[in-house]
Amino acid sequence: MKYLREVQPLVITPSPLAGESVLGFILRISELNGYSSPMKLLHYAGMNDNEARSARPPLGKLAPVFGKSQEELKNAGLDNMSQSRGRYVEVLGHSIPSMFTSCKHASLCLECVNENGFIEGYYEIKYAIACPKHKVRTIKYCPSCQNSLSWHRNGLTTCKCGADLAQANSEKIDSPEVLALLGVLYAKLMKESLNRQQLTEVGFPFEAMEQLSVQTLLSIIYRFGLFNGKQVNDLDKDIAAVETTAKVFSDWPNKFYDYLEENQAPSANLKVSGLRGQFNAFYESFFKNIALDQELQFMRDAFISFGQDRWKLAAIHPSFVTNETAKILGINALSKKINKHPRIIKKLVNEGLIKTLPKCGVGTRSLFDVA
């Protein structure tokens, strides 16, 4: 702990502000104290290159330059390095999978910086593609050198190359669905209440949105992005993932049904008769691999409703629906429901008095729409 005795506090040592990004805070303090880059400040604090470039520089080494203890910095709101190792990064008190963060590449909303004087932790999330308040695209690239923004730059609104980021044109976002989704993400990160009126106007399932954790919401956006196919670059992929998710949640569940029909149905495995088997890739991604699956019950219920009300080409497993509520049945289930022997049902089918649904593949069993 030799550096604790050698490092003298900076001249200007303000506290972090509510909602401020850790890396943005370090950048702000670096600029206020006249450093050309946070890297020099962090080296002064006794950090090596790996520590200085990490998603969360160690507070134990950062604290002395503020004349504070590590505990005081934590209490002031800085995220904890001990919770930011390996696969997770702590962002505004939330443990976020590092794959959903952009701690290595900076972004910001110029209007927010001009109003607040700092960069919010929201902009450390990779899907923060726009500012839900000012309705403008997030700036991720320098308008002069065209390189992605680094946290180790001259100042909050100055690129490493020295260019003024205010030269960038703030592209307006006019999609109410995208702004609503980003508003949910922002509110959950900041632990604020959701905007019921905004979500209702675009048709989002408000109660379901309230139950989602930040981690699950990010997982949903990521998984919809996986089904978008190849994009030109990472930024386009992130934008497309957000746009797809926002569209699916709007006018719920009708746009979700449209998505399944237009994007998933063309690759459905019609050689099997079960809904889960036909849409196995989608089912496995959303309803099996996300740990907090209870939060996705609303999507699972809508998926089953799609199979019964819109798709009507698949049997629904008894674990999802009972014979009393099922609308698509096999011959044995139909036999029990109408109290007729399967032989009689087959005879009625041959006579054209009972219609079967179109067969999905060779060897598949007959299915009946009880409606």
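These numbers come from a predicted model, not from an experiment. (Residues numbered from 1 in each chain as written. Predicted model: local features only at pLDDT ≥ 70, side-chain atom pairs only at ≥ 80, totals over all residues. Heavy atoms only, no water.)

## Some details on the overall build of the protein chain
1) Next: On a plain count of helices and strands, the protein chain comes out with 18 helices and 6 strands.
2) Next: Expressed as a percentage of its 371 residues, the buried residues of the protein chain come to 51%.
3) Next: At a minimum sequence separation of 6, the contacts of the protein chain that also span at least 24 residues come to 59%.
4) Next: For the protein chain, the computed accessible surface area is about 18100 Å², with 48% contributed by carbon and sulfur atoms. (Helix = DSSP H or I, 4+ residues; strand = E, 2+ residues; numbered from the N terminus. Buried < 20%, exposed > 50% of the residue type's maximum accessible area, 1.4 Å probe, protein only. Contact = heavy atoms within 4.5 Å. Areas by Shrake-Rupley, 256 points an atom, 1.4 Å probe, with all protein chains shown as cover.)

## Concerning the confidence of the model for the protein chain
1) Next: Of the residues in the protein chain, 81% have a pLDDT of 70 or more, and the chain-wide mean is 86.
2) Next: Model confidence for the protein chain, summarised as mean pLDDT per element, is weakest for helix α1 (residues 2–6) at 51 and strongest for helix α8 (residues 176–190) at 98.
3) Next: Low pLDDT, under 50, characterises residues 1–5; the stretch is placed with 6 contacts to residues that sit more than four places away or in other chains. (pLDDT = per-residue confidence, 0-100.)

## A look at a nonpolar patch on the surface
1) Next: Where nonpolar side chains cluster on the molecular surface, the patch consists of Val11, Ile12 and Leu32 and spans about 290 Å² of accessible area.
2) Next: Mapping isoleucine 12 onto the fold places it in the loop between α1 and α2 (22–32).
3) Next: For isoleucine 12, a relative accessible area of 35% corresponds to the partly exposed category. (Patch = residues over 30% accessible without salt bridge, like charges linked within 9 Å, V, L, I, M, F, W, Y side chains within 5 Å. Salt bridge = Lys/Arg side-chain N within 4 Å of Asp/Glu carboxyl O.)

## Regarding the nonpolar core
1) Next: Grouped together as the largest cluster of nonpolar side chains are 88 residues, with contacts concentrated most on Phe249, Phe256, Phe282, Phe298, Met299 and Phe303.
2) Next: For this core, the leading source of residues is α8, giving 10 residues.
3) Next: Among all residues touching phenylalanine 298, those that are not within four sequence positions of it are Pro205, Ala208, Met209, Leu212, Phe249 and Trp252.
4) Next: Among the nonpolar cores identified, the runner-up in size contains 19 residues, and Ile26, Ala45, Met47 and Ala52 belong to it. (Core = buried A, V, L, I, M, F, W, Y, C linked by side-chain atoms within 4.5 Å.)

## Focus: the packing of aromatic side chains
1) Next: Tallied over the entire structure, the rule returns 29 aromatic pairs.
2) Next: A ring pair is formed by phenylalanine 224 and phenylalanine 286, whose centres lie 4.7 Å apart and whose planes are at 50°; its orientation type is tilted. With a gap of 62 residues between them, phenylalanine 224 in helix α11 (residues 214–226) and phenylalanine 286 in helix α15 (residues 280–288) connect regions that are remote in the sequence.
3) Next: Using a relative accessible area of 0% as the deciding quantity, one classes phenylalanine 224 as buried. (Phe/Tyr/Trp six-rings, centres within 6.5 Å; stacked < 30°, edge-to-face > 60°.)

## Here's the deal with the pairing of strand β2 (residues 94–97)
1) Next: As defined by bridge partners, strand β1 (residues 88–91) adjoins β2 across 4 bridges and the pair is classed as antiparallel. By the bridge assignment, valine 91 is partnered in β2 with histidine 94.
2) Next: Here β1 hands over to β2 after 2 residues, with leucine 92 in that stretch at a positive phi of 50°. (Pairing = 2+ DSSP bridges.)

## Looking at the pattern of salt bridges
1) Next: Scanning all chains against the criterion turns up 10 salt bridges.
2) Next: Lysine 61 is the salt-bridge partner of glutamate 51, the closest N and O atoms lying 2.9 Å from each other. Here the residue glutamate 51 occupies a position in helix α4 (residues 49–53), and lysine 61 occupies one in helix α5 (residues 59–62), the gap between them amounting to 10 residues.
3) Next: Lysine 61 gets classed as buried once you look at its relative accessible area, which sits at 17%.
4) Next: As a salt-bridge pair, lysine 126 and aspartate 238 come within 3.6 Å of each other at their nearest N and O atoms. Of this pair, lysine 126 sits in the loop between α7 (110–116) and β3 (130–131) while aspartate 238 is found in helix α12 (residues 234–249), placing the two residues 112 residues apart along the sequence.
5) Next: Three or more residues joined by partner-sharing salt bridges are found here, namely Asp258, Glu261 and Arg310.

## Digging into the environment of glutamine 278
1) Next: If you trace the backbone, glutamine 278 turns up in helix α14 (residues 275–278).
2) Next: The exposure class of glutamine 278 is buried, given its relative accessible area of 2%.
3) Next: Between the C-alpha atom of glutamine 278 and that of alanine 265, which follows or precedes it by 13 residues, the distance is 8.4 Å.

## Here's the deal with the packing of α15 against helix α16 (residues 297–311)
1) Next: The interhelical angle for the contact between α15 and α16, taken along N-to-C directions, is 155°, at an axis separation of 10 Å. Classified by the angle their axes make, α15 and α16 are roughly antiparallel. Between α15, through Phe282, Tyr283, Phe286 and Phe287, and α16, the contact on the second element is made entirely by Met299, Arg300 and Phe303.
2) Next: Looking at the contact of α15 with α16 residue by residue, the class counts come to 6 nonpolar, no polar and 1 charged. (Axes fitted to C-alpha atoms, helices over the stretch in contact; angles between N-to-C directions. Parallel < 35°, antiparallel > 145°, perpendicular 65-115°, else oblique. Nonpolar A, V, L, I, M, F, W, Y, C, P; charged D, E, K, R; others polar.)

## Some remarks on α15
Given 3.6 residues per turn, any residue in an α-helix points the same way as the ones three and four places further on.
1) Next: Among the residues making up α15, those that are buried are Phe282, Tyr283, Glu284, Ser285, Phe286 and Phe287.
2) Next: Summarising the contacts, the buried residues of α15 are in contact with α11, α13 (254–264), α14 and α16.

## Points about the packing of α11 against α15
1) Next: In contact at an axis separation of 10 Å, α11 and α15 are set at 165° when each is read in the N-to-C sense. By the angle class used here, α11 and α15 are roughly antiparallel. Along this stretch, α11 crosses α15, giving a crossing that reads as right-handed. Taking contact as the criterion, the partners of Ile220, Arg223 and Phe224 in α11 are, on α15, Phe282, Ser285 and Phe286.
2) Next: Taken together, the residues of the contact of α11 with α15 break down into 4 nonpolar, 1 polar and 1 charged. (Left-handed = near helix turned anticlockwise from the far one by under 90°.)

## Regarding the environment of asparagine 116
1) Next: Tracing the sequence through the fold places asparagine 116 in helix α7.
2) Next: Judged by relative accessible area, which is 32%, asparagine 116 ranks as partly exposed.
3) Next: For the pair asparagine 116 and leucine 17, spaced 99 residues apart in sequence, the C-alpha to C-alpha distance is 9.5 Å.

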